[in-house]
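So the chains spell out like this:
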Amino acid sequence: MAARVPHCRHALAKAGFPRIAGCGNSRPQSTGGPVMVAVVFGARGNVGRHVVDGLLAAGEQVRAVSRTAVTGLTPGWEAVTADLDRPETLTAALDAADKLFLYGMLDPQNPYDIEKVAAAATAAGIRQVVLLSSVSVLSPDADHPVPRLNRTIEEAVQRSGMDWTFLRPGTFATNTRTWWAESIRTDSVVRLPYPLAQSAPVHEKDIAALAVTALTEPGHSHQAYTIYGAESLTLQRQVEYIGEALGRRIRIEHVSDEQARAEVGRTMHPAVAGAIVNQWAAADGIPSLTSVIAGKITGTPARTYAQWAVDHSDDFR
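Below, the structure is looked at part by part. Note that the coordinates shown come from a computational prediction; the quantities given were computed from them, not determined experimentally.

1. Details of the packing of helix α2 (residues 48-57) against helix α7 (residues 204-216)
When two helices pack together, their arrangement is given by the angle between the helix axes and by the axis-to-axis distance. Running from amino to carboxyl end, α2 crosses α7 at an angle of 45°, the nearest separation of the two axes being 8 Å. Of the possible angle classes, the one that applies to α2 and α7 is oblique. Classified by chirality, the crossing of α7 by α2 is right-handed. Taken together, the residues of α7 that come into contact with α2 (itself represented by H50, V51, G54 and L55) are E204, K205, A208, A211, V212, L215 and T216. Along the lines of polarity and charge, the residues of the contact of α2 with α7 split into six nonpolar, three polar and two charged.

2. Describing empty space enclosed by the protein
Taken as a whole and judged by the stated rule, the model has three cavities of 30 Å³ or more. Around the second largest cavity, the lining residues are W179, W180, S183, V190, R191, A260, E263, V264 and W280. Elements that contribute at least two residues to the lining of the second largest cavity include exactly α6 (174-187), β7 (189-192) and α9 (257-264).

3. Some points on helix α5 (residues 145-159)
Helical periodicity: at 3.6 residues per turn, an α-helix aligns residues three or four positions apart in one direction. In this model α5 runs 21 Å from its N-terminal to its C-terminal C-alpha over 15 residues, within 8% of the 21 Å that 1.5 Å per residue would give. Among all positions of α5, only P145, V146, P147, L149, N150, I153, E154, A156 and V157 are buried. G161 occupies a position one or two residues after α5 and carries a positive phi of about 90°.

4. Considerations on the nonpolar core
One finds F41, V51, L102, W180 and W280 to be the most contacted residues of the largest nonpolar core, which totals 91 residues. For V51, the residues in contact, after removing those within four places along its chain, are V40, F101, A208, A211, V212 and L215.

5. As for the packing of α6 against helix α8 (residues 235-246)
The contact between α6 and α8 brings their axes to 12 Å, and the two run at 55°. In terms of orientation, α6 lies oblique with respect to α8. Between α6 and α8 lies a crossing of right-handed hand. Contact residues: T176, W180 and I184 in α6; L235, Q238, V239, I242 and L246 in α8.

Conventions adopted
- Residues numbered from 1 in each chain as written.
- Predicted model: local features only at pLDDT ≥ 70, side-chain atom pairs only at ≥ 80, totals over all residues.
- Heavy atoms only, no water.
- Axes fitted to C-alpha atoms, helices over the stretch in contact; angles between N-to-C directions.
- Helix = DSSP H or I, 4+ residues; strand = E, 2+ residues; numbered from the N terminus.
- Parallel < 35°, antiparallel > 145°, perpendicular 65-115°, else oblique.
- Left-handed = near helix turned anticlockwise from the far one by under 90°.
- Contact = heavy atoms within 4.5 Å.
- Nonpolar A, V, L, I, M, F, W, Y, C, P; charged D, E, K, R; others polar.
- 1 Å grid on protein atoms, 1.4 Å probe; cavity = no way out; pocket = protein on both sides within 12 Å on 5 of 7 lines; lining within 4 Å.
- Points joined across faces, edges and corners; volume = space filled by probe spheres on them.
- Expected span 1.5 Å × (residues − 1).
- Buried < 20%, exposed > 50% of the residue type's maximum accessible area, 1.4 Å probe, protein only.
- Core = buried A, V, L, I, M, F, W, Y, C linked by side-chain atoms within 4.5 Å.

Quick look at the structure:
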């Protein structure tokens with residue numbers, strides 16, 4: 001009989017995943033036959049690295065996959081270098097695996113061929129995939145590359161025959177690091193066209209916790225979870241939280257839409273930068289949608305943006 005990994009609840013708590021109901025997700029350690037593997041693509045990424053940690057804490061055998069060498073994660077995983085843009089590299093990454101964490105569209109100028117990736121996964125015997133998609137798939141803007149490409153990926157996964165779970169986050173809290181870290185570090189300023197625009201940023205650890213739960217517990221097959229943060233905050237308040245975490249005041253400088261697009265466009269694709277500024281304009285003074293899905297599914301309340309700012313304060317120093 002297979003024996004379960006002991007003290008899984010304690011291990012999950014140490015890894016920042018304090019509860020996965022009943023600890024029934026601890027992977028049986030087989031006394032005969034191959035031990036199946038959970039594959040995490042984008043293991044160096046903001047979400048993927050926490051998925052690796054959570055799966056390890058849950059007793060899974062984990063293969064961390066990235067385009068370049070994977071370092072800095074919790075010990076105990078197997079590292080493989082592979083590239084979704086090069087399906088011929090996927091065989092080693094998927095060998096003896098039965099479940100998969102996959103990310104959706106990251107760069108609209110460089111989308112991977114999801115049909116080839118899905119074919120490689122099914123040929124390797126992958127039975128389950130959790131896809132990090134985007135809330136933008138619900139957008140009526142069919143011509144914008146972000147929703148269009150993510151919808152294409154979701155549809156291909158649905159056709160593949162694998163059990164699937166889609167995670168559709170709204171605004172990532174880590175986006176604010178991408179947009180503002182340089183100007184905060186150098187000038188203690190954030191340049192915004194709409195300081196009172198509201199959003200509900202999602203902590204990447206909450207997204208990872210949902211992915212781990214979906215990969216290790218029953219009941220999430222053919223489910224799509226829309227994920228917002230638990231509180232609606234103005235951009236101005238988000239900047240204030242960063243300042244509080246740093247122990248200094250961050251000044252807000254008002255800029256035009258055009259200047260804001262150029263500012264955001266330094267770190268993101270121009271089409272994405274334009275969509276972000278348009279989103280800020282539409283959200284000016286308007287509370288954002290929030291959700292409690294992270295707490296409902298994982299059993300742990302969603303992390304606040306104030307927590308995120310403390311967790312990432314060194315990124316802004």
